[in-house]
There are 2 protein chains.
Amino acid sequence: MSTSERQATRRSLQVALGERSYPIHIGSGLLGDPACLAPYLVGRQVMIVTNEAVAPHYLARLKSGLPGDAEVREVVLPDGEATKTLASVGRIWDALLEAGFNRRCTLIALGGGVIGDMVGFAAACYQRGVAFIQVPTTLLSQVDSSVGGKTGVNHSLGKNMIGAFWQPRAVLIDTDTLQTLPAKELSAGLAEVIKYGLIRDAEFLAWLEDEMTALMALQPEALAWAIERSCQLKADVVAEDETEQGVRALLNLGHTFGHAIEAHQGYGRWLHGEAVGVGMLMAAELSHRLGWLSRTEVERTAAIIAAAGLPLAAPADMGVEDFLARMRLDKKNVDERLRLILLETLGRAVIHDQAPRELLEELLATFPRN
Amino acid sequence: MSTSERQATRRSLQVALGERSYPIHIGSGLLGDPACLAPYLVGRQVMIVTNEAVAPHYLARLKSGLPGDAEVREVVLPDGEATKTLASVGRIWDALLEAGFNRRCTLIALGGGVIGDMVGFAAACYQRGVAFIQVPTTLLSQVDSSVGGKTGVNHSLGKNMIGAFWQPRAVLIDTDTLQTLPAKELSAGLAEVIKYGLIRDAEFLAWLEDEMTALMALQPEALAWAIERSCQLKADVVAEDETEQGVRALLNLGHTFGHAIEAHQGYGRWLHGEAVGVGMLMAAELSHRLGWLSRTEVERTAAIIAAAGLPLAAPADMGVEDFLARMRLDKKNVDERLRLILLETLGRAVIHDQAPRELLEELLATFPRN
């Protein structure tokens, strides 16, 4: 594409959060474009945080888009979910203090959701809060963690247990970065895209069923629309409920089961999106057993998850009690009731804490294992 | 005092921060009173965090004021500023996760400012934010760190560099706890009380000059009024400027110099209030050299600081460059300008970033050393 063609395909949306509102820009060629980053920098001090997998592809391109007078430092962390620890965030804080960066600095998160969550948390707590910009380079982070201000790290006893709500100044989604994304990670991102259709937009879900082949083939217009629609659906939910008191919990469809899988396997063995894919199917199956979804609707759910290249079975070594023990720690729980996100129908999710324990245990016992 | 007399001396004020507003209750006998804590607990899970100096005196009394069905856990940390680290906060997070505490838990900070700052930060970032109650047991924490929502820990490269803004559900100030406070710590608390007079209330400053002997003798009515007026003055400032964009910086009178002293000596060698006392005198002296304060006003400042039992000289081993190097890292600085809080007159402070470098260096060179 030429530069003008590229610019013509750019789209933007606004996440409406009062004085914490911020834009998401989506398109090709954003990374090296000086007009994209400059408006969101606070002061001259810029700390780019990325990882060893992303840096060789995109770090130089990102830096070429920074103003000439910026004082730029970098932290390059190892790749993967195992890096998402307080110790890694400590490295970012050390680097900021060693550089003498003050409150008017800007952090830039260049990478997937792990980098975004850690950099957001580092920004939230450095000198009690500084600016940061998200530059998500995976489909998952583009449609999920770049919207909503959830930041944090894992603890050995639970995923995302330490963190803060902190909004970026802007999100820049350069769709070119998906060209180097491994196929497994594309699928993992599509799990979250499918989720938005399942919980809130039956029409989008039907469009995804039609276009899944184009998405898997990285067809640019299809990708751009899938990202924009996903961000818009998430932004709508977040605007309604910034700190997850109510409707925002619906975004966790499949996540209670999925987190249990990730935690039990050890973070990083299953991709987050893969675990969420299976988790959504478990939620759909439980919704069916509660009499809400028809068998056909469960089958449609399984079919689109399969079409996105995602697994349909839980890990062979996870028993009922393995699931239950992990699920009890879930942040959505109120006092001791297990709260689950379930589907009334395709396109409408609900928060439910009345599922009979026997029904849940039966589901966990009979759900397919690989 | 009888119970009814005690209750008659209780006073309350409200920190007005919209939906994050909270009450401060001040009085005798609050700690063991079941009516004081119960209204502010969220759910049944309660984690009390205190230190080895405070626990023997007040932990049992605090617990006797909790509802019978509360699930209570404790973390007892070492005493002192050296404890105020990310590692200590990590111990609180470990304890919360090991107990399986969910988002509807309540943390209670029983102790001085170090405990309050750490527990507030632990609450701010546990599962992205849970409730906490401040029960400050030192004069300093009662008049300072219990109001305003600043939480955090020290880093080897700077004080309070990692933290968050997070408001408590309530602050309970039991004036009985001052009876066991070491004299040095009473003086350190009085430094902050004097500060409120200096920056914002000339009438309160004059009252303090009259009543300093009564305060040093722990006279209950004088203490209660000094605490209430200090909290009210701080609450007014915080309500105007919750996240320290403007007027709130005035609360840092004496703190830029004071932090430099604390950091250079190694945290915990000088009490925070002692360092702030000297810092306020340095700020008053610099204000005089700028032509703002009269010599008489500087002498009044020195006299009330001395009457509170506080040192009037900086550490003998701190040179001009030792001060400057530490002061450059101060969070109030914007880009590279050094921002100081100075006094236009007694009772009125201003933010100033135009003090000539030579004047500052001359002050640092000539200010008395001990």
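Because the structure is a prediction, the values reported are computed rather than measured.

This next bit is on the overall build of chain A. Helix and strand content of chain A: 14 helices and 11 strands. Relative to the compact-globule value of 21 Å for 370 residues, chain A shows a C-alpha radius of gyration of 20 Å, a close match. If you line up chain A on its principal axes, its C-alpha atoms span 65 × 45 × 35 Å. Buried positions account for 61% of the 370 residues belonging to chain A. Within chain A, counting contacts between residues at least 6 apart in sequence, those at least 24 apart form 75% of the total. Carbon and sulfur atoms make up 50% of the accessible area of chain A, which totals about 13,100 Å². Counting 35 positive and 45 negative side-chain charges, chain A places the centres of these two groups 5 Å from one another.

Looking now at the packing of aromatic side chains. This model, assessed by the stated rule, comprises four aromatic pairs over all chains. Their ring planes at 15 degrees and their centres at 5.9 Å tell us that A:F204 and A:W207 sit as a pair that is stacked. Within this pair, A:F204 and its partner A:W207 are both found in helix α8 (residues 202–216), separated by three residues, close to a single helical turn. Looking at A:W207, the relative accessible area reads 23%, which means it is partly exposed. An angle of 55 degrees between the planes, with centres 6.0 Å apart, marks the rings of B:W93 and B:F121 as tilted. With B:W93 in helix α4 (residues 86–98) and B:F121 in helix α5 (residues 113–125), the pair connects residues that are 28 residues apart, well separated along the chain. Among the residues examined, B:F121 registers a relative accessible area of 0% and is labelled buried. Against the face of A:Y196 rests A:K195, its NZ or CZ located 4.9 Å from the ring centre.

All names here are of chain B. Along the chain, the position of T50 falls in strand β3 (residues 45–51). Reaching out from T50, the side chain makes a polar contact with the backbone oxygen of L110 at a distance of 2.7 Å. Among all residues touching T50, those that are not within four sequence positions of it are A55, L59, V75, V76, L77, L110 and I115.

Our next topic: the sheet that holds strand β4 (residues 71–77) of chain B. Residue and element names in this part refer to chain B. The strand order across the open sheet built from seven strands is β1-β2-β9-β6-β5-β3-β4, with neighbouring strands paired in mixed fashion. The sheet is open, and its two edges are formed by β1 (11–15) and β4, each paired on a single side. Strand after strand, the sheet turns through a mean of 15 degrees between neighbouring axes, direction not considered. Looking at chain direction, strand β5 (residues 105–111) and strand β6 (residues 131–136) are connected through six bridges and run parallel.

Let us look at the domain arrangement of chain A. Residues and elements named next belong to chain A. Segmentation of chain A into domains returns domain 1 (3–179) and domain 2 (183–366). For domain 1 versus domain 2, the separation of C-alpha centres amounts to 26 Å. On the domain 2 side, the residues contacting the 33 residues of domain 1 number 34 residues. Taking both partners together, domain 1 and domain 2 bury about 3,000 Å²; carbon and sulfur atoms supply 64% of that area. At the junction of domain 1 with domain 2, the criterion picks out three salt bridges. Note that E228 is salt-bridged to R11, the shortest N-O span being 2.5 Å. Our count for the contact surface shared by domain 1 and domain 2 stands at six residue pairs in polar contact (both at pLDDT 80 or more).

Quick look at the sheet that holds strand β2 (residues 22–27) of chain A now. Sheet strands pair by backbone hydrogen bonding; their relative direction is either parallel or antiparallel. Residue and element names in this part refer to chain A. If you trace the seven strands from one edge of the open sheet to the other, you get β1-β2-β9-β6-β5-β3-β4, paired in mixed fashion. The open sheet has two edge strands with one neighbour each: β1 (11–15) and β4 (71–77). Shown here is a sheet whose adjacent strand axes are inclined to one another by a mean of 15 degrees, direction ignored. Where strand β6 (residues 131–136) lies against strand β9 (residues 170–174), two bridges are found, and the strand directions are parallel. For Q134, the partnering residue across the bridge sits in β9 and is V171. The strands touched by helix α4 (residues 86–98) within the sheet are β3 (45–51), β4 and β5 (105–111), with β4 carrying the most contacts at an inclination of about 160 degrees. Its contacts with the sheet place helix α5 (residues 113–125) against β3, β4, β5 and β6, and it is angled at close to 165 degrees to β5.

What counts as what
- Residues numbered from 1 in each chain as written.
- Chains lettered and ligands numbered in written order.
- Predicted model: local features only at pLDDT ≥ 70, side-chain atom pairs only at ≥ 80, totals over all residues.
- Heavy atoms only, no water.
- Helix = DSSP H or I, 4+ residues; strand = E, 2+ residues; numbered from the N terminus.
- Rg over C-alpha atoms; globule rule 2.2 N^0.38 Å.
- Buried < 20%, exposed > 50% of the residue type's maximum accessible area, 1.4 Å probe, protein only.
- Contact = heavy atoms within 4.5 Å.
- Areas by Shrake-Rupley, 256 points an atom, 1.4 Å probe, with all protein chains shown as cover.
- Lys, Arg positive; Asp, Glu negative; His and termini not counted.
- Charge placed at Lys NZ, Arg CZ, Asp CG, Glu CD.
- Phe/Tyr/Trp six-rings, centres within 6.5 Å; stacked < 30°, edge-to-face > 60°.
- Lys NZ or Arg CZ within 6 Å of the ring centre and 35° of its normal.
- Polar contact = N/O pair within 3.5 Å; in protein donor to acceptor, adjacent residues only side chain to side chain.
- Pairing = 2+ DSSP bridges.
- Axes fitted to C-alpha atoms, helices over the stretch in contact; angles between N-to-C directions.
- Domains from an automatic or database assignment.
- Buried area = accessible area lost by both parts, 1.4 Å probe.
- Salt bridge = Lys/Arg side-chain N within 4 Å of Asp/Glu carboxyl O.

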